[in-house]
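Working through the structure, step by step
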Amino acid sequence: MKNFNPADNIQDLQYFGEFGGVNPSISDSSTYTFLSAKTMFDTFEGNMEGCYLYSRHSSPSNLYLDKALAAMEGTETANVSASGMGAITPTLLQLCGAGDHIVSSRTIYGGTYAFLKNFTPRMGITTTFVDITKLDVVEAAITPNTKVLYCETVSNPLLEVADIASLSRIAKKHNLTLVVDNTFSPLSVSPAKLGADIVIHSLTKYINGSSDTVGGVTCASQEFINSLKNVNSGASMLLGPTMDSLRSASVMKNMRTLHIRMKQHSHNAQYLAERFEKDGLKTVYPGLKSHPSHSLYATMINPEYGFGGMMTLDVGTLKKANELMELMQQRNLGYLAVSLGFYKTLFSAPGTSTSSEIPMEEQIEMGLTDGLIRFSIGLDNDIERTYQMMKACMQELAVL
Ligand SMILES: *Cc1c(COP(=O)(O)O)cnc(C)c1O
């Protein structure tokens with residue numbers, strides 16, 4: 001990991017806009033002219049570098065963002081999409097067809113879980129959900145039809161850490177594609193460097209960081225991205241979840257400050273997690289020594305970006321959780337909202353919101369309790385002040 005610095009890779013990209021602008025010009029066309037008819041034919045065949053055909057396939061602005069994200073993850077290339085789900089679903093449909101099987105972590109984003117549980121069976125694709133931290137259970141779930149091993153680096157909402165290097169060894173042994181959703185830990189973890197074949201992000205969260213758009217990306221080999229974009233058989237090209245050029249240009253500008261933001265998110269979350277744990281609250285944060293994956297995660301991260309901005313607190317009951325969230329919002333400590341990676345703290349009770357797709361008995365089995373509040377800690381400049389104000393809310397409601 002020492003030689004790989006994702007933030008340097010982003011910083012080192014250089015742009016000269018059409019008129020010498022320091023930002024590349026935004027491409028504002030759905031279709032592109034060809035000076036020769038032969039070039040158009042070759043472009044359809046997918047073998048013309050640097051030529052654009054139609055913006056559902058690719059556009060100059062999207063390619064700039066693709067390049068920046070591929071540089072960040074250390075993959076050959078990437079393909080941006082209109083949402084995180086717009087990256088996840090075509091990627092899995094490109095890798096799997098009728099009769100194929102997926103082994104997936106059971107603690108994944110609710111939308112991904114619903115897609116694998118309720119939607120892909122209609123196409124003859126089945127999924128076995130496993131506790132991704134138990135490598136023997138993961139391996140035992142693999143069948144001759146398994147094509148994909150799927151997980152999140154840090155899982156939503158329980159912040160379980162996937163041992164990507166070990167999962168990669170299992171995937172290689174059984175000839176599977178290891179797909180890792182790295183949405184919670186950009187820069188902190190570089191899954192491709194640990195052996196993941198494909199790295200996915202919801203750009204909606206940290207990478208864009210301003211809660212003003214949805215977006216996604218698949219970072220992978222040139223060969224896989226070409227297959228995804230193939231005019232005749234590519235899931236991305238044919239299903240059409242393309243990001244708009246104006247939006248990809250704005251996401252790219254936000255991405256340039258990601259390293260500064262991630263350090264602050266991690267610093268603030270580490271601070272609050274340590275304080276609340278000391279106060280006696282049930283606190284889950286991968287940067288705490290009490291976290292079951294703490295030492296594993298410490299070996300996986302690019303340490304300067306820390307353990308990330310996501311933290312959970314268990315305040316006992318859903319009623320208390322709801323009261324506390326409402327009070328914290330009243331006191332301007334953040335928003336009662338789903339999503340993550342904003343400059344303000346966001347909080348929600350995952351059992352009734354983002355993970356509500358997961359059946360109750362499974363929620364209980366995986367430790368997703370009623371009183372759990374998921375926090376995406378903001379960029380607060382004075383985190384001690386925030387801590388004191390949060391603590392006052394908790395004391396008022398007799399949570400602390
Ligand atoms: C939000 C999220 C997604 C889905 O991304 P959208 O941009 O909302 O489509 C996928 N995975 C994780 C881990 C997420 O947090």
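A few points on the structure.

With that settled, the discussion passes to the sheet that holds strand S10 (residues 335–336). The pairing of strands in a sheet happens through backbone hydrogen bonds and is either parallel or antiparallel. Across the sheet, which stays open at both edges, the five strands sit in the order S8-S9-S12-S11-S10 with mixed pairing between neighbours. Edge strands, defined here as strands with exactly one partner in the open sheet, are strand S8 (282–284) and S10. By the bridge criterion, three bridges tie S8 to strand S9 (residues 310–314) in an arrangement that is antiparallel. What sits directly across from Thr283, in S9, is Leu313. Contacting S8 and S9, helix H11 (residues 258–278) crosses the sheet at an angle of about 20 degrees to S9.

Our next topic: the pairing of strand S3 (residues 126–130). By the bridge criterion, five bridges tie strand S2 (residues 101–105) to S3 in an arrangement that is parallel. Bridging across to S3, His101 finds its partner in Thr126. Taken together, S2, helix H5 (residues 110–119) and S3 constitute a β-α-β crossover, and its handedness is right-handed.

We now examine the packing of helix H3 (residues 60–73) against helix H10 (residues 245–255). At a closest axis distance of 8 Å, the pairing of H3 and H10 adopts a crossing angle of 35 degrees. As for how H3 packs across H10, the hand of that crossing is left-handed. Of H10, the residues touching H3 (which contributes Ser61, Asn62, Tyr64, Leu65, Ala68, Leu69 and Met72) are Ser245, Ser248, Val251, Met252 and Met255. Across the contact of H3 with H10, the residue classes break down as eight nonpolar, four polar and no charged.

Here we come to the site of the ligand. Surveying the vicinity of the ligand reveals 13 residues, the closest of which are Gly84, Met85, Asp181, Thr204 and Lys205. Gly84 places a polar main-chain atom, nitrogen or oxygen, 2.8 Å from an oxygen atom of the ligand. Surface burial for the ligand is 93%, taken as the share of its 380 Å² of free accessible area covered by protein chains. Class assignment for the residues of the shell around the ligand results in four nonpolar, six polar and three charged.

The final tally for this structure, using the stated rule, is 13 salt bridges. Salt-bridge contacts for Arg106 lead to Asp131; the nearest nitrogen and oxygen are separated by 3.9 Å. Within this pair, whereas Arg106 is found in the loop between S2 and H5, its partner Asp131 is found in the loop between S3 and helix H6 (135–140), the two being separated by 25 residues in sequence. An identical accessibility class is assigned to Arg106 and Asp131; each is buried. A single salt-bridge network, built from bridges that share partners, covers Arg106, Asp131 and Lys134.

Our next topic: the environment of Arg256. Along the chain, the position of Arg256 falls in the loop between H10 and H11. Remark: the alpha-carbon pair of Arg256 and Asn208, spanning 48 residues in sequence, is separated by 9.4 Å. Excluding residues that lie within four positions of it along the chain, Arg256 makes contacts with Tyr15, Asn23 and Pro24. Only 2.7 Å separates the side chain of Arg256 from the side chain of Asn23, close enough to count as a polar contact.

Conventions and cut-offs
Residues numbered from 1 in each chain as written. Predicted model: local features only at pLDDT ≥ 70, side-chain atom pairs only at ≥ 80, totals over all residues. Heavy atoms only, no water. Pairing = 2+ DSSP bridges. Helix = DSSP H or I, 4+ residues; strand = E, 2+ residues; numbered from the N terminus. Contact = heavy atoms within 4.5 Å. Axes fitted to C-alpha atoms, helices over the stretch in contact; angles between N-to-C directions. Right-handed = clockwise from strand over helix to strand, strands pointing away. Left-handed = near helix turned anticlockwise from the far one by under 90°. Nonpolar A, V, L, I, M, F, W, Y, C, P; charged D, E, K, R; others polar. Near = heavy atom within 4 Å. Polar contact = N/O pair within 3.5 Å; in protein donor to acceptor, adjacent residues only side chain to side chain. Areas by Shrake-Rupley, 256 points an atom, 1.4 Å probe, with all protein chains shown as cover. Salt bridge = Lys/Arg side-chain N within 4 Å of Asp/Glu carboxyl O. Buried < 20%, exposed > 50% of the residue type's maximum accessible area, 1.4 Å probe, protein only.

Structural measurements only, silent on function.
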